[in-house]
Amino acid sequence: IMSVTVTSSRSSSLLSYGIVLMMLTALLAKPALAVQAEASHILVDTEAQALDLKAKIDAGADFGEMAKQHSKCPSKSRGGSLGKFGRGQMVKEFDTVVFNEEVGPVHGPVKTQFGYHLIKITSRA
């Protein structure tokens, strides 16, 4: 707890300047707003399964329907949607794709400790 007593207008001006300076310093010290991404994925056990599903999606199959039918992740009930998340919230291999590759196309297969992923980045800002 800090107590401040102001006894003159010069002290008041200095105090106001000090408070403004502290506020600006705090604002500038905060990192820029974190980049958020939104993505969907399909998780399967083998690279062959992932490649087969990717070929079907490339030929016109709906990504969300393929996720519902084939993914082993609970997100399959939402068509593979993982919602929005920030950098570092997913495993490294997944994170690298989501925050560096093009928004829109299906990427993968991407191998992680969980299996093989097909990843569709739907937004990043």
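Preceding block: the structure.
What follows is about the overall build of the protein. Per the secondary structure count, the protein includes 4 helices and 4 strands. Mapped in sequence order, the helices and strands of the protein form the string α-β-α-α-β-α-β-β. Of all 125 residues assigned to the protein, the portion counted as buried reaches 30%. As displayed, the protein offers around 8,300 Å² of accessible surface, 57% of which is attributable to carbon and sulfur atoms.

Let's shift gears to helix α2 (residues 47–58). Compared with an ideal rise of 1.5 Å per residue, which puts 12 residues at 16 Å, α2 spans 16 Å between its outermost C-alpha atoms and is within 8% of the ideal. Regarding α2, the residues found buried are Ala50, Leu53, Lys54 and Ile57. Looking straight down α2, one finds that the buried residues subtend no more than 105° of arc, so they occupy a single side. The inward-facing, buried residues of α2 contact β1 (36–44), α3 (63–70), β3 (106–112) and β4 (115–124). Residue Gly60 follows α2 closely and has a positive phi angle near 120°.

If you walk across this open sheet you meet the 4 strands as β2-β1-β4-β3, and the pairing is antiparallel. Lying at the two open borders of the sheet, with one neighbouring strand each, are β2 (81–86) and β3. Neighbouring strand axes in the sheet, compared pairwise and without regard to direction, differ in orientation by 35° on average. Where β3 lies against β4, 5 bridges are found, and the strand directions are antiparallel. What sits directly across from Lys111, in β4, is Tyr116. The sheet strands contacting α2 are β1, β3 and β4, and the helix crosses β3 at an angle near 170°. The sheet contacts of α3 involve β1, β3 and β4, and relative to β1 the element is tilted by about 45°.

Glancing now at the nonpolar core. In terms of nonpolar packing, the biggest core is built from 11 residues, these being Ile42, Val44, Ala50, Leu53, Ile57, Phe63, Met66, Ala67, Val106, Tyr116 and Leu118. At the level of secondary structure, the elements contributing two or more residues to this core comprise β1, α2, α3 and β4. The contact partners of Ile57, leaving out residues within four places of it in the chain, are Ile42, Phe63, Met66, Val106 and Leu118. Counting residues in hydrophobic clusters, the runner-up holds 10 residues, among them Ala37, Ala39, Phe85 and Phe94.

How each quantity is defined
Residues numbered from 1 in each chain as written. Predicted model: local features only at pLDDT ≥ 70, side-chain atom pairs only at ≥ 80, totals over all residues. Heavy atoms only, no water. Helix = DSSP H or I, 4+ residues; strand = E, 2+ residues; numbered from the N terminus. Buried < 20%, exposed > 50% of the residue type's maximum accessible area, 1.4 Å probe, protein only. Areas by Shrake-Rupley, 256 points an atom, 1.4 Å probe, with all protein chains shown as cover. Expected span 1.5 Å × (residues − 1). Arc of directions from axis to C-beta. Contact = heavy atoms within 4.5 Å. Pairing = 2+ DSSP bridges. Axes fitted to C-alpha atoms, helices over the stretch in contact; angles between N-to-C directions. Core = buried A, V, L, I, M, F, W, Y, C linked by side-chain atoms within 4.5 Å.

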